[in-house]
Amino acid sequence: MPMTLDYAVGNLETDEDWAGLAEVLDAGDNQRLVHSIIRHLITIGAKSYLTETRYIDRDYSADYRRFYAQTFRTYGRHCKRVHFFSEDVNAILTRPTWSERVEALQNTSKRSYLGFCVIRPLPGAGIGRTALKQAGPTGVGLESVVTCRAYVRANLLGAELDVSSACFMQQDSRVGACAQVAIWIGARHMHQRHKYNWLSVADITRMAAPTTAYEATTLPAGSEFLTADHMIHAIHEMGFQPLCIEGSGKSIAAEILPYVDSGLPVIVGLREGNALGHAVTVVGRVFGEQKTPGNQLADYVPAYIVHDDQAGPYMLLPRTEDSATAYNLDPNQLIKHSFASPTPTHLNVEDHAVFAVVLMPMRVFATARSAQRTALGRLNAALINMPSIRQKLAAQGAPVNDRLLDELIEAHKKQEIVLRTYLTSASGYRKHIAQGSACHDLKDVLARMHLPHFTWVTEISTVGSYNQSSPGMRRMYGHTILDATSTGRDYAGLLALHLPGVLIQTDVDADKETVTDIKDDTLYNCREKTGP
């Protein structure tokens, strides 16, 4: 008898409906994970779901071949895949012909498709590859953005459905620890967004091969824990440059922000005392408007949006112990973990982060710290030398926007300059400039600049122009562009500095600066990650 596609449809209207979905989402004893997924589905407006009952998942198949197929216990080969919609799909699937159903399903891709969750046939670790529509917390004075997001495609009954998401998975301790899943989340984003290699959890465990007796105390090797050294080794083997950030929790909270704003996955190692640690993947950040704003960018971020393989997708890791209360963050969305004690600890970056690892592209040789330090040094020099620059422009008959320059100089004197640094591609930078609110004269000059593939951009704002909860209201007075293939530690890689009415460009081969006046210059929007 030929096999046929089996599927079932359920509504999500009553408490009984949601309880039925909780039974489908089998995470074993980890009911908090199920509740986190359901909470997120309620947030994004799920109204119905469709379950494929015989689904072959590539990630589970890779783990099956490497481990489950070799065990005495028999594990199933097929998964289930549950799709979610913000409309009732019953009406679609009762249409008279298959082609009409497929056409109607296809139309839900942009209208109501919310993503999917793969259910693996694994007792206690059922939540497999999951791609749910990205969303963060909202509220008065808050703005959230999932920076590590990409379109993920699912083929359902012949329809191709896309969802903007950051992929998630539950840890299965038989083949990997939280560190492997944290790496997998970052690597999968880089695959979906930038076409890096596709890798399974089994691949990552193999690449993090132990080299000491201490690290080889479990079988399969690394299935209970990975050290920071082996996480770095695995990330290198995967084709990335691992950038390790160490220091106090406060410094880690500030240093990872440029990479998060760049859309690069950051794995954060958390620990309490000497207990075995826990790893989560940062996929976004929350902006919080300040009552008494300062010049440190990290102060505007009360929490990071993270995937925690034990707690769920799109959870919140507060920056400080007081952030959650100060910004009224949902307590059900906060990260907590049991270390040496059975009592779970509420985690935050400043008190519990011990290291962070960034998955960096291979063609980037300057760090965010060096890029921002160089930008600040050049800004300081330019503002100190501004009387001379103004005289030269006046001699050329070039108009200068004295009001904006005076505002920036005054903010510099009061230490109210806010710098925001991020990595971008040349095409991404040109797209932002072209579609942004900068004046046409500035756009014309910047669009013609020859740029390397990757650049560090440092936006120059003031406390007043940046402290806005609405991203469309945040403005910058200027910015710098630094060649990311340089060391970033001196002016040799600084390609341009824009200040109100003035653009200073550097020819790095000739070591020559050119000063251009910008007519009708004004404040313009800070870049925010939009789109998929």
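**A closer look at the packing of aromatic side chains**
Here is step 1 of the chain: All told, the structure shown has 10 aromatic pairs when counted by the stated rule.
Here is step 2 of the chain: Look at Tyr-60 and Tyr-64: their rings are 5.9 Å apart centre to centre, the planes differ by 55°, and that puts the pair in the tilted class. Here Tyr-64 and Tyr-60 lie together in helix α3 (residues 58-66), a separation of 4 residues that amounts to about one turn. Each member of the pair Tyr-60 and Tyr-64 is classed as buried.
Here is step 3 of the chain: When the ring of Tyr-259 is compared with that of Trp-456, the centres are 5.8 Å apart and the planes differ by 85°; the resulting orientation is edge-to-face. Here Trp-456 lies in strand β18 (residues 454-462) and Tyr-259 lies in helix α10 (residues 257-261), a separation of 197 residues in the sequence.
Here is step 4 of the chain: For Tyr-259, a relative accessible area of 3% puts it in the buried group.

**Focus: the sheet that holds strand β22 (residues 502-507)**
Strands belonging to one sheet form pairs held by backbone hydrogen bonds; the direction of such a pair is parallel or antiparallel.
Here is step 1 of the chain: With antiparallel pairing, the 6 strands of this open sheet are ordered in space as β17-β18-β20-β21-β22-β23. Two strands lie at the open edges of the sheet, namely β17 (417-425) and β23 (512-517), each paired on one side alone. Across this sheet, the average inter-strand angle for adjacent strands is 15°, counted without regard to direction.
Here is step 2 of the chain: Looking at chain direction, β18 and strand β20 (residues 478-483) are connected through 6 bridges and run antiparallel. Paired with Ile-460 across the bridge in β20 is Gly-478.
Here is step 3 of the chain: Its contacts with the sheet place helix α14 (residues 386-395) against β21 (494-499), β22 and β23, and it is angled at close to 95° to β22.
Here is step 4 of the chain: In the packing of helix α16 (residues 426-435) onto the sheet, contacts are made with β17, β18 and β20, and the angle to β17 comes to roughly 125°.

**Regarding the pattern of salt bridges**
Side chains that carry opposite charge are capable of pairing whenever their charged atoms lie near each other.
Here is step 1 of the chain: What the rule picks out here adds up to 23 salt bridges.
Here is step 2 of the chain: Here Lys-519 ties to Asp-517 by a salt bridge, and the two come within 3.6 Å at their closest N and O atoms.
Here is step 3 of the chain: One connected set of salt bridges, linked through shared partners, spans Glu-143, Asp-261, Arg-285, Arg-420, Glu-459, Arg-474 and Glu-528.

**A short note on the layout of surface pockets**
Here is step 1 of the chain: Considered as a void within the structure, the largest pocket measures approximately 910 Å³ in volume.
Here is step 2 of the chain: Along the wall of the largest pocket there are 33 residues; nearest its centre are Arg-193, Thr-424, Gly-428, Arg-527 and Lys-529.
Here is step 3 of the chain: Those elements giving two or more residues to the lining of the largest pocket turn out to be α6 (178-194), β17 and α16.
Here is step 4 of the chain: The element contributing the most residues to the lining of the largest pocket is α16, with 5 residues.
Here is step 5 of the chain: Classifying every residue of the lining of the largest pocket gives 10 nonpolar, 16 polar and 7 charged.
Here is step 6 of the chain: Within this model, the second largest pocket holds a volume of roughly 690 Å³.
Here is step 7 of the chain: Forming the boundary of the second largest pocket are 27 residues, of which Asn-295, Gln-296, Leu-297, Gln-372 and Leu-419 lie nearest the centre.
Here is step 8 of the chain: Where the lining of the second largest pocket is concerned, the elements lending two or more residues are α9 (249-255), α10, α13 (368-384) and β17.
Here is step 9 of the chain: Of the residues forming the lining of the second largest pocket, the biggest block, 7 residues, is contributed by α13.
Here is step 10 of the chain: Classifying every residue of the lining of the second largest pocket by side-chain character gives 13 nonpolar, 7 polar and 7 charged.

**Examining the side chain of Arg-319**
Here is step 1 of the chain: Within the element layout of this structure, Arg-319 appears in the loop between β13 (312-318) and α11 (323-326).
Here is step 2 of the chain: With relative accessibility at 11%, the residue Arg-319 sits in the buried group.
Here is step 3 of the chain: Among the polar contacts listed, one links the side chain of Arg-319 to the backbone oxygen of Val-301, at a separation of 2.8 Å.

Parameters and conventions
- Residues numbered from 1 in each chain as written.
- Predicted model: local features only at pLDDT ≥ 70, side-chain atom pairs only at ≥ 80, totals over all residues.
- Heavy atoms only, no water.
- Phe/Tyr/Trp six-rings, centres within 6.5 Å; stacked < 30°, edge-to-face > 60°.
- Helix = DSSP H or I, 4+ residues; strand = E, 2+ residues; numbered from the N terminus.
- Buried < 20%, exposed > 50% of the residue type's maximum accessible area, 1.4 Å probe, protein only.
- Pairing = 2+ DSSP bridges.
- Axes fitted to C-alpha atoms, helices over the stretch in contact; angles between N-to-C directions.
- Contact = heavy atoms within 4.5 Å.
- Salt bridge = Lys/Arg side-chain N within 4 Å of Asp/Glu carboxyl O.
- 1 Å grid on protein atoms, 1.4 Å probe; cavity = no way out; pocket = protein on both sides within 12 Å on 5 of 7 lines; lining within 4 Å.
- Points joined across faces, edges and corners; volume = space filled by probe spheres on them.
- Nonpolar A, V, L, I, M, F, W, Y, C, P; charged D, E, K, R; others polar.
- Polar contact = N/O pair within 3.5 Å; in protein donor to acceptor, adjacent residues only side chain to side chain.

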